[in-house]
Amino acid sequence: MAFTTGFPTVGFDLDMTLIDSRPGIHACYVALSERTGVYVDADLAVTRLGPPLEEELRNWFPEGEVAGVADLYREMYPAVAVAATPAMAGAREAIDAVRGAGGRAVVVTAKYEPNAKLHLAHLGLEPDAVIGDLWAEAKAVALREYGAGVYVGDHVGDVRGARAAGALSVAVATGPCDAGELGGAGADVVLEDLTRFPEWLSDYLAASRA
């Protein structure tokens, strides 16, 4: 159901936006290699987080095995990855800023939705909704459904998702894409990290109401 309250409804990506998922995902890829006997370069894999899991697995497994290995990874993930994953600096404050402005915060992520919810619950982060299994332009479906006027993410795919939804793209340079790449992809705003978000939101709302 779409929110019927006014702006701001703000969407947030999860991996490398609200959570630093590198330690947990690294541990899960190491465990996956041990379980399958197939080498996965976990150090390399965590430098290119953002796209769906299957895209990374195609670098290491034959196409016919990818779906089954993805299921295995997701099954292993809660026990291996969740406790190892911290919140990004400013994540809690960013959600609080949206709530303090009278808005709602929704998480729209490519991550498998049950595991996304486990991360948020473990860290005590409580968005108003969590929508998983959406990547890049497909994120626009959920952003439009929930009436998000702003989408915050760390990847050029998040920029594309925001633009496809007609939402303002706020990018944080905390993931695999640097500030220049995010700006070049069409981000409306590029912040160093989420600690800058509450001040930006306050200024943006003040300007929009002027």
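Conventions we followed
- Residues numbered from 1 in each chain as written.
- Predicted model: local features only at pLDDT ≥ 70, side-chain atom pairs only at ≥ 80, totals over all residues.
- Heavy atoms only, no water.
- Pairing = 2+ DSSP bridges.
- Helix = DSSP H or I, 4+ residues; strand = E, 2+ residues; numbered from the N terminus.
- Axes fitted to C-alpha atoms, helices over the stretch in contact; angles between N-to-C directions.
- Contact = heavy atoms within 4.5 Å.
- Core = buried A, V, L, I, M, F, W, Y, C linked by side-chain atoms within 4.5 Å.
- Buried < 20%, exposed > 50% of the residue type's maximum accessible area, 1.4 Å probe, protein only.
- Salt bridge = Lys/Arg side-chain N within 4 Å of Asp/Glu carboxyl O.
- 1 Å grid on protein atoms, 1.4 Å probe; cavity = no way out; pocket = protein on both sides within 12 Å on 5 of 7 lines; lining within 4 Å.
- Points joined across faces, edges and corners; volume = space filled by probe spheres on them.
- Nonpolar A, V, L, I, M, F, W, Y, C, P; charged D, E, K, R; others polar.
- Polar contact = N/O pair within 3.5 Å; in protein donor to acceptor, adjacent residues only side chain to side chain.
- pLDDT = per-residue confidence, 0-100.
- Phe/Tyr/Trp six-rings, centres within 6.5 Å; stacked < 30°, edge-to-face > 60°.

Draft legend 1. Region of interest: the sheet that holds strand 5 (residues 168–172). The strand order across the open sheet built from six strands is 3-2-1-4-5-6, with neighbouring strands paired in parallel fashion. Every other strand in the sheet has two partners, leaving strand 3 (129–131) and strand 6 (189–191) as the edge strands with one partner each. Averaged over neighbouring strand pairs, the angle between their axes works out to 20° when direction is ignored. The pairing of strand 1 (residues 9–12) with strand 2 (residues 104–108) spans four bridges and is parallel. Paired with phenylalanine 12 across the bridge in strand 2 is valine 107. On the sheet, helix 6 (residues 113–123) packs against strand 2 and strand 3 and is oriented at approximately 140° with respect to strand 3.

Draft legend 2. The arrangement of the nonpolar core in detail. The biggest cluster of nonpolar side chains holds 29 residues, and the ones touching the most others in it are Phe12, Leu18, Val152, Val170, Leu194, Phe197 and Trp200. Elements with a contribution of two residues or more to this core: strand 1, helix 5 (91–100), strand 2, helix 6, strand 4 (150–153), strand 5, strand 6 and helix 10 (197–209). The element best represented in this core is helix 5, accounting for five residues.

Draft legend 3. Quick look at the pattern of salt bridges. Under the definition given, this model contains eleven salt bridges. A salt bridge links lysine 139 to aspartate 13; its shortest N-O distance comes to 3.0 Å. Taken together, the residues lysine 139 in helix 7 (residues 139–145) and aspartate 13 in the loop between strand 1 and helix 1 (22–36) connect sequence positions 126 residues apart. A single burial state applies to lysine 139 and to aspartate 13, both of which are buried. Here aspartate 128 and arginine 99 are joined by a salt bridge, their closest N and O atoms 3.3 Å apart.

Draft legend 4. A look at the layout of surface pockets. Taken as a whole, the largest pocket holds about 420 Å³ of empty space. Every residue lining the largest pocket is counted, 27 residues in all, and those nearest its centre are Asp15, Gly50, Pro51, Pro52 and Leu53. Class assignment for the residues of the lining of the largest pocket results in twelve nonpolar, five polar and ten charged.

Draft legend 5. Representation of the pairing of strand 5 in the model. Among the five residues in strand 5, five count as buried, and that is most of the element. Burial along strand 5 is two-sided: Leu168, Val170 and Val172 facing one way and Ser169 and Ala171 facing the other are all buried. Note: strand 4 against strand 5, four bridges, orientation parallel. Bridge pairing in strand 5 places glycine 153 opposite alanine 171.

Draft legend 6. Structural detail: the side chain of serine 33. When you line up the elements, serine 33 lands in helix 1. Of note is the side chain of serine 33, whose polar atom sits 3.0 Å from the backbone nitrogen of valine 40. Serine 33 has contacts with Val38, Tyr39 and Val40, leaving out every residue within four places of it along the chain.

Draft legend 7. How the structure looks around the confidence of the model for the protein chain. Looking at the protein chain, pLDDT values average 95 and 97% of them are 70 or higher. Confidence drops under pLDDT 50 across residues 1–5; counting only partners more than four residues distant or on other chains, this segment forms eleven contacts.

Draft legend 8. Inspection of the environment of proline 51 at higher detail. Following the sequence through the fold, proline 51 ends up in the loop between helix 2 (42–45) and helix 3 (53–57). Remark: the alpha-carbon pair of proline 51 and tryptophan 135, spanning 84 residues in sequence, is separated by 6.5 Å. For proline 51, the contacting residues outside a window of four places in its chain are Trp135 and His155.

Draft legend 9. The packing of aromatic side chains, seen in detail. As enumerated under the stated definition, the model contains six aromatic pairs in all. With a centroid separation of 5.2 Å and an interplanar angle of 45°, the aromatic rings of tyrosine 29 and tyrosine 73 are classed as tilted. Here the residue tyrosine 29 occupies a position in helix 1, and tyrosine 73 occupies one in helix 4 (residues 63–81), the gap between them amounting to 44 residues. As far as burial versus exposure is concerned, tyrosine 29 and tyrosine 73 are alike and both buried. Geometrically, the ring pair formed by tyrosine 39 and tryptophan 60 is edge-to-face, given 6.1 Å between the ring centres and 85° between the ring planes. Linking tyrosine 39 in the loop between helix 1 and helix 2 with tryptophan 60 in the loop between helix 3 and helix 4, this pair joins segments that are 21 residues apart in sequence. Note on tyrosine 39: relative accessible area 58%, which makes it exposed. Owing to a relative accessible area of 22%, tryptophan 60 belongs among the partly exposed residues under this scheme. Three or more aromatic residues link up through ring pairs in this structure, and these residues are Phe12, Phe197, Trp200 and Tyr204.

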